[in-house]
Amino acid sequence: MNILNISAECFPIAKVGGLADVVGALPKYQNNSGISAKVIMPYYVNSFTKSNAFDAIFKNKLTLGTKVFKFQILQLKRDLGYPVYMVKIKGLLDREQVYSYEDDTERFLAFQIAVLDWVLASKVKPTLIHCHDHHTGFVPFMMSHAKKYKALKEIPTVLTIHNAQYQGQFGFEKVNYLPDFDSSKKGLLNWDGQINPLAAAIKCAWHITTVSPSYLKELSKKANGLESLLLNEKSKSTGILNGIDDKVWDPEKDALISKNYSVKTVQSGKKVSKNKLCKQFGFDKNKPLFSFIGRLVYEKGANLFPDIFYKALLNNDISILVLGSGDKKVEANLKALEAHFKGKYNAFIGYDENLAHEIYAGSDFLLMPSRVEPCGLNQMYALRYGTIPIVRRVGGLKDTIIDIGDKGGFGICHEETTVKDVCFSIERGALFYENQKEFRKIRKKCMKIDHSWDKSAQKYISLYKSLIP
Ligand code: GLC
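What you see is a predicted model, and the numbers here were worked out from it, not measured in a lab. (Residues numbered from 1 in each chain as written. Predicted model: local features only at pLDDT ≥ 70, side-chain atom pairs only at ≥ 80, totals over all residues. Heavy atoms only, no water.)

Participant: Would you mind showing me how to read the nonpolar core here?
Facilitator: Generally speaking, soluble globular proteins have nonpolar side chains that are buried together. With 86 residues, the main nonpolar core has F290, F309, L334, Y345 and Y360 as its most contacted residues. When we break this core down by domain, the ones giving at least three residues each are domain 1 (2–243 + 454–467) and domain 2 (266–450). Apart from the residues lying within four places of it in its own chain, the contact partners of F290 are I318, S319, I320, L321, F365, L367, I390, I426, G429 and A430. If you look at the next biggest cluster of nonpolar residues, it comprises 80 residues, including Y44, A110, V115 and V139. (Core = buried A, V, L, I, M, F, W, Y, C linked by side-chain atoms within 4.5 Å. Buried < 20%, exposed > 50% of the residue type's maximum accessible area, 1.4 Å probe, protein only. Domains from an automatic or database assignment. Contact = heavy atoms within 4.5 Å.)

The following block contains the structure:
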């Protein structure tokens, strides 16, 4: 079995969010399970691509409307545990950032055309094509209905929805960017009067997966306009919980944290990281440290953070640390709060992989009050590092965290993304911290939970097998 994953992100090559972590880990675990999985992604000009060597293995031209672009398929020489191919398109993809350019529609459409042109020209075809999110959403449509890809029609396709909030819509005036297709199928591209690559993929992929079972259920009620479509396609949808790369996220071996530790040495190990963070940010090391790591966007509940932290810091003897970037207004409000709570609170605006690892190791609690959380990986990283997650019961958070008040519990859960609910959970956390004996016991329990990819990688393999004729 030869699986080709198509994605806009892949860790450690280019990462914006959890998508990169999943695409960067899943194929590694699948290859260990006896199948052959590969990744193809765009070639961005970033620190990874600048410092790595590639072989050019294919060259061609593609047309997008009236424009012609030369492209190359490069193969990464370094071994990441699976082969990585990259599409280099001069003038479109050869930029530093992954997203947020005005011509993202053109960039990702050209990327998908280049991938299929290469697949079409390859002697050995993939057994199955696995697409991730809307940036690869035209692939199932083009394979089924574009005239030039007729030879790829019988290859099964899987779409994994990592986040249905982003759909990549654009107007029908750009329909001629797509390669010539059976015009009776135009309706498959349409959702609400626009061309919608995520909707097209939901309609055309042979099977759909979401990154947690609860997220799949929630999507028929809340999917940014695609609710009825997802409900309609339920019979070909499965929720498969993401795993984490337990080689990258391993407190016993992690080179990015101050001191490595195991379940046995967690107390002393975490203390070193906590002391370091407290020194760096001027916090009192004897108080419980609550942290947030992630994008500062509405979905994560970030617009409420300034109010939540204000109230929580006023009412509890705790420290709060934020690492993230996103909404500019939220960033500014979080920065402004520092003046009110010197020595208790800090917002580090930006992203820093090293600091993130140190925060997982050095914090007592991790906050994830998300409004939407298709899976969430941070709560699983926190568990592995013995940091107690405080989460809203939604999506993958609901599927992975049990409240300490419930049987077998090890986290703190609340129902809604509101100032009141989150503050109440923080208060519960602060109280729980005072009972150090119980706190340390639960911390060890968290570390022992296995969220590695092994189980989920098997579920994907079973799904692939069920689709291959
Ligand atoms: C997206 C989702 C997140 C999920 C990740 C990987 O970033 O927002 O919940 O964990 O994709 O699937």
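Participant: I would appreciate a short explanation of the packing of helix 3 (residues 104–121) against helix 4 (residues 138–145) in the present structure.
Facilitator: Between two packed helices, what matters for the description is the angle formed by their axes and the separation of those axes. Look at helix 3 against helix 4: their axes get within 10 Å of each other, and the N-to-C directions meet at 45°. Here helix 4 runs oblique to helix 3, going by the angle between their axes. The chirality of how helix 3 crosses helix 4 is right-handed. Seen from helix 3, the contacting residues are L109, Q112, I113 and L116; seen from helix 4, they are F138, V139, M142 and M143. (Axes fitted to C-alpha atoms, helices over the stretch in contact; angles between N-to-C directions. Helix = DSSP H or I, 4+ residues; strand = E, 2+ residues; numbered from the N terminus. Parallel < 35°, antiparallel > 145°, perpendicular 65-115°, else oblique. Left-handed = near helix turned anticlockwise from the far one by under 90°.)

Participant: What should I look at first to understand the sheet that holds strand 12 (residues 289–293) in this one?
Facilitator: What holds strands together in a sheet is hydrogen bonding between their backbones, with the strands either parallel or antiparallel. Here 6 strands make up an open sheet; going across it, the order is 14-13-12-15-16-17 and the pairing parallel. If you trace the sheet from one side to the other, it starts and ends with strand 14 (345–349) and strand 17 (412–414), each paired once. Neighbour-to-neighbour, the strand axes of the sheet open up by a mean angle of 15°, direction not taken into account. Lying over the sheet, helix 14 (residues 419–434) contacts strand 12, strand 15 (365–368), strand 16 (388–392) and strand 17, oriented at roughly 160° with respect to strand 17. (Pairing = 2+ DSSP bridges.)

Participant: When you look at the site of the ligand in this model, what are you seeing that I'm missing?
Facilitator: Every residue close to the ligand is listed here: G18, L19, V22, H162, N163, V211, N242, E373, P374, C375, G376 and L377. A distance of 3.5 Å separates an oxygen atom of the ligand from a polar side-chain atom of N163. At 2.5 Å from an oxygen atom of the ligand is found a side-chain nitrogen or oxygen belonging to E373. Residue-level mapping places the shell around the ligand at the junction of two domains, with at least three residues from each of domain 1 (2–243 + 454–467) and domain 2 (266–450). (Near = heavy atom within 4 Å. Polar contact = N/O pair within 3.5 Å; in protein donor to acceptor, adjacent residues only side chain to side chain.)

Participant: In this structure, what is going on with the domain arrangement of the chain? I would like to understand it.
Facilitator: In many reports, interface size means the accessible area that the parts give up when they come together. Here the chain is described as being made up of domain 1 (2–243 + 454–467) and domain 2 (266–450). Placing the centre of domain 1 and that of domain 2 at their C-alpha centroids yields a distance of 33 Å. Of the roughly 1,400 Å² buried between domain 1 and domain 2 on both sides combined, carbon and sulfur atoms contribute 54%. On the domain 1 side of the interface with domain 2, the three residues burying the most area are S214, E218 and L241, jointly 24% of the side's total. At the boundary of domain 1 with domain 2, the tally comes to 1 salt bridge. (Buried area = accessible area lost by both parts, 1.4 Å probe. Salt bridge = Lys/Arg side-chain N within 4 Å of Asp/Glu carboxyl O.)

Participant: It is not clear to me how the pattern of salt bridges should be interpreted in this structure. Could you clarify?
Facilitator: Pairing between side chains of opposite charge can happen when the charged atoms of each approach one another. Following the criterion strictly, the structure yields 25 salt bridges and no others. Of the charged contacts, one joins E353 and K15 as a salt bridge, the two residues approaching to 4.0 Å between their closest N and O atoms. Pair noted here: E353 is in helix 11 (residues 353–362) and K15 is in the loop between strand 1 (2–6) and helix 1 (18–32), with a separation of 338 residues, a long-range link. A single network of salt bridges, built from pairs that share partners, joins K15, D21 and E353.

Participant: I keep staring at unusual backbone geometry and nothing clicks. Help me out?
Facilitator: Backbone geometry follows two general trends: most residues other than glycine have a negative phi, and most peptide bonds adopt the trans configuration. Backbone torsion omega between F11 and P12 reads 10°, so that peptide bond is classified as cis. Checked against the element boundaries, P12 lands in the loop between strand 1 and helix 1. Its identity as a non-glycine residue notwithstanding, S100 has a phi of 80°, on the positive side. Looking at the element boundaries, S100 is found in the loop between strand 5 (84–89) and helix 3. Phi is positive for D192, which is not a glycine, with a value near 60°. Inspection of the secondary structure puts D192 in the loop between strand 8 (190–191) and strand 9 (194–195). Look at D192 and you get exposed, because its relative accessible area is 76%.

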